Every structure is written in C-alpha cells, then in structure tokens.
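Chain by chain, the residues:
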Amino acid sequence: MSVKKPVLYVVSPCYNEAEVIGAFYDALKAVLSSLKDIDHRILLVDDGSNDATLDELNALADRDERVLVYSLSRNFGHQVAISAGIAKSRGDATIVMDSDLQHPPTLIPEMLVSWRAGHDVVSAVRRSTDDATLFKRLSSDGFYTVINWLSDTRIEPGAADFCLMSRKARKVLAGMPERHRFVRGLVAWMGFRRAYLPYVAPPRAAGRSKYSLRKMLRLALDAVFAFSVAPIRLATRVGVGIAALGALYLVYVIGRALWLHDTEPGWSSLLGTLLILGGLQLAFTGLIGEYLARIFEQVKGRPLYVFKQTPEERPRRATSAAAKKNARTEAPLEFANEQG
C-alpha cells in the first residue's frame, strides 16, 4: 500500500511580471521536482496585470497540470493577492513567495526541514538585498523600528512575506477578516511556533519593482493603523501637554500684567498660538479620521477580491506533443490530502 505524500502549495502573486515569470517558474520547478518525498502545486495569482502576465501564466498551466492560475478582476494590491492565494491553498504546507526571483526558491528545502521539525511558521529573513539603494535600506530599517516601537506585536526586521505556513496556521490566516491587510504582521500576530531562516535577496531578474514610494507609504500606514492605537494615545498626550503649557503661559501673562504692568496688547502671540493649536487639531482630527475610514471600509462588508478567472475557467489551448510528453514524466496527481 503506497503512502501518500504531503502536499506543498507555493502561492505567488504576479503583477506585470511577463518578463520574469518564465524564469521564476523554471527556477521554482527545478527545486520542487527535486523534492521526491513531497507533492506540490504552484498557485499563481494574477493581480489584474495589464501586460501579458496572464497569458504567460495560462501557458505555464497548459504545460504543467500542477500549475493553478487565478486572476483577479482588477489590481487589488500585493497583500490582497497573497490573501487570495492563501485562501485557495489546500496543502499540508503553504509557501508564500514573490515571483520576481528576489525570494530564492533554493531556500524551500530548508523551510520544509524546519516545518517537519514542528514549526508552524518558517519565515525567511532578508539580511540584505544586492541591488538595494541607501534610501531603501534606511526606510526599511526605520519602518521596522517605528512599527515595533508602536505595536505590541513584534515584527522581525527583514521578515517579509516569504514564509512557510502549516495547514493550521494557513487556516487561521485565511480566516482573518481585515480589509487593510499587512500579511507579515498578521503572521507575527498568530503566535505559532516560528523559525527564521536568513537569506540575501538577489537583484530582480527582469523588470522593475511594482512597489512605488506611494505604495510603500500606504503599506506602512496600514501596518501602523492595523497593529497599534498608539497614534491616538499619543495625540491625546500631546493635546493634554499643549493645554497644560497654554495654562502655564496664561498664568505667566496674568502675573506680569498684575505685578509688572509691562504687557503690551498684540496680535502676534495670539495669532501664532491659534495657528499652532488649529494645526494640531486638524492633524489629530485627520489621525482619528484614518481609523474611522478603515472602520467604514470594514463594515461595508464587500468581498476582499473578485476573480475573473479560476483554474476551472482557464481557457484551454491545444497541447503540443512535446508538452504531452513532459506532462507524462510527472508523477500522478494526489488529491487525497487536499481537504481545506
């Protein structure tokens, strides 16, 4: 009686990665095919690409029946695309990694060793990036310093979304209802037994990063507002402090008027005080508004994402004789372990 192999799902979001997706698949497949004691699926999520990414993904699925292609109806964002793939994973273990080859597939065997040793989460920790600019390094270090200072949930510096999760951990993460998602923070919040594997990120194989400065700032704000109420508490303390200073200044002015009689009526100090207080009030009102806006988005209850294509709906193409021959060399699919 044959023993069924555990099933590993590799989830990878793809946005305008037509130039690099073929090289990513080849590198990933070489590693997965060398793992003789585990079966695998490659779950690729097209995040509303506007280039030929979806065509490339469907071509890979035509060649390899272990490739599952999902396509979102528009660009919902990197974190949502990851969440969609996690929700569709059915493996005993799930690995999340980017498709730009900056998350090296060669780290997967080590992740599986840690998983088999009993860790529910195995996170790859980026120690450096070969082509990272000074601004990128400083902003990344600053972000982790700030978020760990503000939040009760500690996020390991350099621990990006490249991680392995057990079936149990994946189900917990898939069940979290947040709309403004910060996946690496949610993974840290779960609190399962966790291991860390350091790595050096290579430069992108092709194309350019899809994370603009604006998107990075948005992700940072989502992280802060999702994992900390410290900004509101800080606003309260600053407001109380300014009120106290204002009261002391008023006592000082009244004292000089009563005893020294040297106060001059004027608008400069009054106008300056009003501008400072007015600006602080507007800033703190906007801060509260950020939290309220997220509550508003959450309570609307809209779906987190919409698929325009699933593996069952993928357009089939005529399979060449060479592709059929390659498909026959793969071991038969085993679906017995894929129950949620």
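Residues numbered from 1 in each chain as written. Predicted model: local features only at pLDDT ≥ 70, side-chain atom pairs only at ≥ 80, totals over all residues. Heavy atoms only, no water.

### Observations concerning the pairing of strand β1 (residues 7–14)
For β1, the buried fraction is high: eight of the eight residues fall into the buried class. Looking at chain direction, β1 and strand β2 (residues 39–46) are connected through eight bridges and run parallel. Its bridge partner lying in β2, V7 is registered against D39. Taken together, β1, helix α1 (residues 21–33) and β2 constitute a β-α-β crossover, and its handedness is right-handed. (Buried < 20%, exposed > 50% of the residue type's maximum accessible area, 1.4 Å probe, protein only. Helix = DSSP H or I, 4+ residues; strand = E, 2+ residues; numbered from the N terminus. Pairing = 2+ DSSP bridges. Right-handed = clockwise from strand over helix to strand, strands pointing away.)

### A closer look at the packing of aromatic side chains
Within this structure, the stated rule accounts for three aromatic pairs. Between Y70 and F307, the aromatic rings sit 5.0 Å apart at their centres with planes inclined by 45 degrees, giving tilted as the arrangement. Of this pair, Y70 sits in strand β3 (residues 67–72) while F307 sits in strand β8 (residues 307–309), and the two are 237 residues apart along the sequence. A residue is classified by how much of its surface remains accessible, and F307, at 22% relative accessible area, is partly exposed. Between F162 and Y199, the aromatic rings sit 5.8 Å apart at their centres with planes inclined by 85 degrees, giving edge-to-face as the arrangement. Residue F162 is located in strand β6 (residues 159–166), and its partner Y199 is located in strand β7 (residues 194–201); the two are separated by 37 residues in the primary sequence. Judged by relative accessible area, which is 0%, F162 ranks as buried. Joined through ring pairs, the aromatic side chains of Y70, Y305 and F307 make up one cluster. Against the face of F76 rests R74, its NZ or CZ located 3.9 Å from the ring centre. (Phe/Tyr/Trp six-rings, centres within 6.5 Å; stacked < 30°, edge-to-face > 60°. Lys NZ or Arg CZ within 6 Å of the ring centre and 35° of its normal.)

### Digging into the confidence of the model for the chain
The predicted structure's coordinates, where accompanied by low pLDDT, should not be read in detail. Overall, the prediction assigns the chain a mean pLDDT of 78, with 67% of residues at 70 or greater. When the criterion is pLDDT under 50, residues 319–339 qualifies, and its contacts beyond four places in sequence or with other chains add up to 34 contacts. (pLDDT = per-residue confidence, 0-100. Contact = heavy atoms within 4.5 Å.)

### Here we look at the nonpolar core
Residues L8, I95 and I108 are the most contacted members of the largest nonpolar core, which totals 37 residues. Excluding its chain neighbours within four sequence positions, the residues that come into contact with L8 are L32, I38, D39, H40, R41, A93, T94, I95, I108 and L112. By size, the runner-up hydrophobic cluster in this structure holds 27 residues, among which are I82, V187, L304 and Y305. (Core = buried A, V, L, I, M, F, W, Y, C linked by side-chain atoms within 4.5 Å.)

### Quick word on the environment of R74
You can see R74 is positioned in the loop between β3 and α3 (78–88). Note on R74: relative accessible area 48%, which makes it partly exposed. Sequence separation of R74 and S49 is 25 residues, and the distance between their C-alpha atoms is 7.6 Å. With residues up to four places along the chain from it excluded, the contact list for R74 reads D47 and G48.

### Looking at a negative patch on the surface
On the surface, a cluster of negative charge is contributed by E19, D51, D55 and E56. Looking at the element boundaries, E19 is found in the loop between β1 and α1. Judged by relative accessible area, E19 falls into the exposed class, the value being 65%. (Patch = residues over 30% accessible without salt bridge, like charges linked within 9 Å, V, L, I, M, F, W, Y side chains within 5 Å. Areas by Shrake-Rupley, 256 points an atom, 1.4 Å probe, with all protein chains shown as cover. Salt bridge = Lys/Arg side-chain N within 4 Å of Asp/Glu carboxyl O. Lys, Arg positive; Asp, Glu negative; His and termini not counted. Charge placed at Lys NZ, Arg CZ, Asp CG, Glu CD.)

### Concerning the packing of α1 against helix α2 (residues 53–63)
One way to put it is that α1 packs onto α2 with a least axis distance of 10 Å and a crossing angle of 35 degrees. Remark: the crossing between α1 and α2 carries right-handed chirality. Residues I21, Y25 and D26 of α1 touch α2, and the partners they reach there are E56, L57, L60 and R63. Classifying every residue of the contact of α1 with α2 by side-chain character gives four nonpolar, no polar and three charged. (Axes fitted to C-alpha atoms, helices over the stretch in contact; angles between N-to-C directions. Left-handed = near helix turned anticlockwise from the far one by under 90°. Nonpolar A, V, L, I, M, F, W, Y, C, P; charged D, E, K, R; others polar.)

### Some details on a nonpolar patch on the surface
On the surface, a nonpolar cluster with roughly 390 Å² of combined accessible area is contributed by I288, L292, I295 and V299. Turning to its location among the elements, L292 is positioned in helix α10 (residues 268–299). The exposure class of L292 is exposed, given its relative accessible area of 52%.

### Some words on unusual backbone geometry
A positive phi angle is found at N16, which is not glycine, with a value near 50 degrees. For N16, the position within the fold is in the loop between β1 and α1. The buried category is assigned to N16, whose relative accessible area is 18%. One non-glycine residue, L101, lies in positive phi territory at about 70 degrees. Its location among the elements puts L101 in the loop between β4 (93–96) and α4 (108–116).

### Some points on α3
The buried fraction of α3 is high, at eight of 11 residues. The set of residues buried in α3 consists of Q79, V80, A81, I82, S83, A84, G85 and I86.

### Regarding the environment of I38
In this fold, I38 is placed in the loop between α1 and β2. Taking the C-alpha atoms as reference points, I38 and L112, separated by 74 residues in sequence, lie 9.7 Å from one another. With near-sequence residues (within four places) excluded, I38 lies in contact with K5, P6, L8, L112, W115 and R116.

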